[in-house]
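Tertiary structure, described
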Amino acid sequence: MLDLQDATPPGSIQLDESDSDDDDSDGELEASVNVNVEVTMDYDIDFPPPKPGPEWTRFVCISDSHGQRFRVPPGDVLLHAGDLTRRGKISEIRSTVDWLASLRHPYKIVIAGNHDRALDPTTPIETLKQSRELDHATALNLFTSPQARASNIHYLNCETFQIPSVDGRKSWKVYGSPWTPWYRGLSFNYKKDMAQEIVGDIPSDADIVMTHGPPRGVLDRTRKEGAHAGCRTLLSRIVELKPRLHVFGHIHEARGSRVRRWESKDGLSQVAEDVPPLSTVFVNAANSPRTSDFGPDAKSAGGQRIPIGGPGWQPIIVDML
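Summarised in this report is the structure supplied together with it. None of the values given here were measured: they were computed from a predicted structure.

A short note on the overall build of the protein chain
A tally of helices and strands in the protein chain yields six helices and 16 strands. Across the 321 residues of the protein chain, 55% fall into the buried class. Pairs at least 24 residues apart make up 69% of the contacts formed inside the protein chain by residues separated by at least 6 positions. Accessible surface, the protein chain as shown: approximately 14,700 Å² in total, 49% of it carbon and sulfur.

Examining the packing of aromatic side chains
In the structure shown here, the tally under the stated rule is five aromatic pairs. Note on phenylalanine 143 and tyrosine 155: the rings are 5.3 Å apart at their centroids and 25° apart in plane angle, and the pair reads as stacked. Of this pair, phenylalanine 143 sits in helix H3 (residues 136-144) while tyrosine 155 sits in strand E7 (residues 153-155); the two residues are twelve residues apart in sequence, bridging distant segments of the chain. Judged by its relative accessible area of 0%, phenylalanine 143 falls in the buried class. Relative to phenylalanine 188, the ring of tryptophan 179 lies with its centre 5.5 Å away and its plane at 90°, an arrangement referred to as edge-to-face. For the residue pair tryptophan 179 and phenylalanine 188, the accessibility class agrees, reading buried in each case. Residue placement shows lysine 170 over the ring face of tryptophan 172; its charged tip is 5.1 Å from the ring centre. The ring of tryptophan 262 has lysine 242 sitting right over it, with the charged end atom 5.1 Å from the ring centre.

A few points about unusual backbone geometry
In this model, histidine 66 sits at a positive phi of 50°, which is unusual for a non-glycine residue. Counting through the fold element by element, histidine 66 comes out in the loop between strand E4 (57-62) and strand E5 (77-80). Unusually for a residue other than glycine, lysine 242 sits at a positive phi of about 55°. Assignment of secondary structure puts lysine 242 in the loop between helix H6 (232-241) and strand E13 (245-248).

Considerations on the pattern of salt bridges
Under the definition given, this model contains seven salt bridges. The shortest N-O distance in the salt bridge between aspartate 46 and arginine 71 comes to 2.8 Å. With aspartate 46 in the loop between strand E3 (37-40) and E4 and arginine 71 in the loop between E4 and E5, this residue pair connects regions lying 25 residues apart in the sequence.

A look at the side chain of histidine 246
Its place among the elements puts histidine 246 in strand E13. For histidine 246, a relative accessible area of 0% gives the class buried. Here threonine 211 takes part through its side chain, which lies 2.8 Å from a polar atom of the side chain of histidine 246. Apart from residues lying up to four places away in sequence, histidine 246 is in contact with Val209, Thr211, Pro215, Leu234, Ile238, Thr280, Val281, Phe282 and Val283.

Quick look at the packing of helix H1 (residues 90-102) against H3
Where H1 contacts H3, the two axes come as close as 10 Å, and the packing angle between them is 0°. Taken as axis vectors, H1 and H3 run roughly parallel relative to one another. Within the contact between the two elements, H1 uses Ile90, Ile93, Arg94, Val97 and Leu100 and H3 uses Thr138, Ala139, Leu142 and Phe143. Within the contact of H1 with H3, the residues separate by chemical class into seven nonpolar, one polar and one charged.

What about the environment of aspartate 76?
Checked against the element boundaries, aspartate 76 lands in the loop between E4 and E5. The spacing of aspartate 76 and arginine 58 is 18 residues in sequence and 5.1 Å in space, taken between C-alpha atoms. Looking at aspartate 76, its side chain comes within polar contact range of the side chain of arginine 169, at 3.5 Å.

Focus: a positive patch on the surface
A cluster of basic side chains, namely Arg86, Arg87, Lys89 and Arg117, defines a positive patch on the protein surface. Among the secondary structure elements, arginine 86 is positioned in the loop between E5 and H1. Judged by its relative accessible area of 32%, arginine 86 falls in the partly exposed class.

Rules used throughout
- Residues numbered from 1 in each chain as written.
- Predicted model: local features only at pLDDT ≥ 70, side-chain atom pairs only at ≥ 80, totals over all residues.
- Heavy atoms only, no water.
- Helix = DSSP H or I, 4+ residues; strand = E, 2+ residues; numbered from the N terminus.
- Buried < 20%, exposed > 50% of the residue type's maximum accessible area, 1.4 Å probe, protein only.
- Contact = heavy atoms within 4.5 Å.
- Areas by Shrake-Rupley, 256 points an atom, 1.4 Å probe, with all protein chains shown as cover.
- Phe/Tyr/Trp six-rings, centres within 6.5 Å; stacked < 30°, edge-to-face > 60°.
- Lys NZ or Arg CZ within 6 Å of the ring centre and 35° of its normal.
- Salt bridge = Lys/Arg side-chain N within 4 Å of Asp/Glu carboxyl O.
- Polar contact = N/O pair within 3.5 Å; in protein donor to acceptor, adjacent residues only side chain to side chain.
- Axes fitted to C-alpha atoms, helices over the stretch in contact; angles between N-to-C directions.
- Parallel < 35°, antiparallel > 145°, perpendicular 65-115°, else oblique.
- Nonpolar A, V, L, I, M, F, W, Y, C, P; charged D, E, K, R; others polar.
- Patch = residues over 30% accessible without salt bridge, like charges linked within 9 Å, V, L, I, M, F, W, Y side chains within 5 Å.
- Lys, Arg positive; Asp, Glu negative; His and termini not counted.
- Charge placed at Lys NZ, Arg CZ, Asp CG, Glu CD.

Set out below in structure tokens:
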């Protein structure tokens with residue numbers, strides 16, 4: 001069992017690594033201090049908290065925007081973990097690129113998700129021919145054109161991007177993959193026999209991993225069936241690599257953050273008192289209040305419909321040294 005701790009409010013879950021989807025044992029964890037990471041989930045969008053210090057890097061995490069625009073706090077790096085659209089059409093992708101281009105983050109790292117059909121090169125050609133709205137070359141060009149690069153947009157499909165060291169801040173290696181376990185034959189879906197090949201591409205030296213779908217048992221519980229929807233093979237790879245940050249989305253209703261504290265990269269206990277504790281921050285950054293199968297909208301205490309990116313569903317801020 002892998003214990004995971006809430007990054008912000010008290011509470012915890014235990015990761016279930018058994019074969020049962022129904023087993024969900026909750027556990028209590030003692031509070032631990034993570035001196036090199038701070039996660040902020042709830043804040044006033046007009047007055048986001050300041051960075052802990054100039055040497056810190058602020059990552060602003062979003063996902064499952066589904067073609068909608070919402071307010072995003074400033075930061076050093078914007079991470080979008082996929083489902084840029086609802087139906088995967090060129091018009092939706094163009095609108096999303098325009099929105100991302102308008103944001104002022106120095107780096108905007110983006111992956112696709114299971115709704116982004118036109119970006120999936122494996123979409124059957126007969127499907128693409130049905131509509132110019134699903135043309136893959138056009139869709140990909142919107143994210144990889146000189147205009148997109150000039151807007152600091154970097155699109156990853158099982159690729160890495162190196163964020164250089166600036167003003168004394170750490171350099172970060174980011175890996176991004178849009179793939180999720182098979183579900184209704186949507187885009188970027190893989191079956192179990194493909195899982196090892198897909199997640200095996202994550203490099204061992206990645207500081208930050210972006211996947212559209214979650215690892216098994218981590219912020220992946222669906223509201224409709226109450227089952228874990230994450231990938232067991234992805235979980236094993238993340239446990240093996242122990243990246244500093246793993247950002248995903250896909251399961252809207254499981255939005256949140258958890259921290260897993262490790263002994264060390266090689267499994268041995270850390271001894272030196274001046275070495276910060278090694279940990280992985282898990283962030284389900286979904287901004288859509290609707291359940292992941294587009295069921296009922298979430299509503300406020302007053303019964304009002306909450307928009308995508310609205311209160312309780314705004315971007316999650318992760319500050320790291």
